Amino acid sequence: MCERKIPVIGEKFPEVEVKTTHGTIKLPDYYIERGKWFVLFSHPADFTPVCTTEFVGFQKRYDEFRKLNTELIGLSIDQVFSHLKWVEWIKEKLNVEIEFPIIADDRGELAEKLGMISPYKGNNTVRAVFVVDNKGIIRAILYYPQEVGRNLDEIVRLVNALQVSDDKNVAMPANWPENDIIGDKVIIPPASSIDEIKQRKEASKKGEIECLDWWFCYKKLE
């Protein structure tokens, strides 16, 4: 028997063709071709209270994701007609129009590939989140249990932090941009040689960067 391999950070998102509320989409090519990042998130089932609050929350933050060149795509094992009826209900009852597509993974094939089904939680998908960059590489994975809704602001922050890290070659402290030690500043990758240590100390003396020690240096974003 072949052992099931769940994707990991740094790996390319598996190539799959999926049925969605916006038609058939080929992942990750659909977003790569458009130069987009995407956040794929699963939910246990349509017409459930926690999932409904999450979908409304994602939609209300959709513009924030778009500003980060990032699209949203949902997934559950319910079929397309169920997704469509649920989206219709959300619009009628809550006055929120869900604009992003929802995958109908009715056979659970993609959910299995992505490790979204826990053998201890029945056949429903857990609350998984995959952040995928514009090259189709998985950059972050989050898992929440069925009984706890996701922190959607954290997902926006995560995408933003990853993109800033890529662009500026820096690391992001805890709770960035509101860290308890360095505020909104970012961390410079640690020195990897004696010469780099000397350079860091000189840069610190000149006020170009700040250091608590040579291995913990940081700066304001330019």
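Residues numbered from 1 in each chain as written. Predicted model: local features only at pLDDT ≥ 70, side-chain atom pairs only at ≥ 80, totals over all residues. Heavy atoms only, no water.

**Student:** Tell me about the layout of surface pockets, and please be specific about residues and values.
**Tutor:** By volume, the largest pocket amounts to about 200 Å³. Lining the largest pocket we find V16, E17, V18, K19, I103, A104, D105, D106, R107, E109, L110 and K113. When residues of the lining of the largest pocket are traced back to their parent elements, those giving at least two are β1 (16-20), β5 (102-104) and α5 (109-113). (1 Å grid on protein atoms, 1.4 Å probe; cavity = no way out; pocket = protein on both sides within 12 Å on 5 of 7 lines; lining within 4 Å. Points joined across faces, edges and corners; volume = space filled by probe spheres on them. Helix = DSSP H or I, 4+ residues; strand = E, 2+ residues; numbered from the N terminus.)

**Student:** Pulling in residues and values, what's your account of unusual backbone geometry?
**Tutor:** Residues L27 and P28 are joined by a peptide bond in cis, for which omega reads -5 degrees. You can see P28 is positioned in the loop between β2 (23-27) and α1 (29-32). Residues W176 and P177 are joined by a peptide bond in cis, for which omega reads 10 degrees. Positive phi is not limited to glycine here, since N95 has a value of about 60 degrees. Phi at N175 takes a positive value of approximately 60 degrees, unusual for a residue other than glycine. If you trace the backbone, N175 turns up in the loop between α6 (152-168) and β8 (186-188).

**Student:** Please set out the packing of aromatic side chains residue by residue, giving values where relevant.
**Tutor:** Counted by the stated rule, this structure contains 15 aromatic pairs. Aromatic side chains F55 and W86 sit 4.6 Å apart centroid to centroid with 50 degrees between the ring planes, which places their arrangement in the tilted category. Taken as a pair, F55 in helix α2 (residues 49-60) and W86 in helix α4 (residues 80-94) lie far apart in primary sequence, 31 residues in all. Using a relative accessible area of 0% as the deciding quantity, one classes F55 as buried. Considering the side-chain rings of Y62 and F100, the 5.8 Å spacing of their centres and the 90 degrees angle between planes classify their relative orientation as edge-to-face. Separated by 38 residues along the polypeptide, Y62 in helix α3 (residues 62-67) and F100 in the loop between α4 and β5 bring together distant segments of the chain. On the basis of relative accessible area, Y62 is assigned to the buried category, the value being 3%. (Phe/Tyr/Trp six-rings, centres within 6.5 Å; stacked < 30°, edge-to-face > 60°. Buried < 20%, exposed > 50% of the residue type's maximum accessible area, 1.4 Å probe, protein only.)

**Student:** Outline the UniProt feature "active site" (unreviewed entry) in the protein, listing residues and values.
**Tutor:** Per the UniProt annotation, the sites labelled "active site" (unreviewed entry) are C51. Note on placement: C51 falls in helix α2. Contact partners of C51, with chain neighbours within four places excluded, come to H43, P44, A45, W86 and R127. (UniProt positions renumbered as here; feature names shortened; annotations may be inferred. Contact = heavy atoms within 4.5 Å.)

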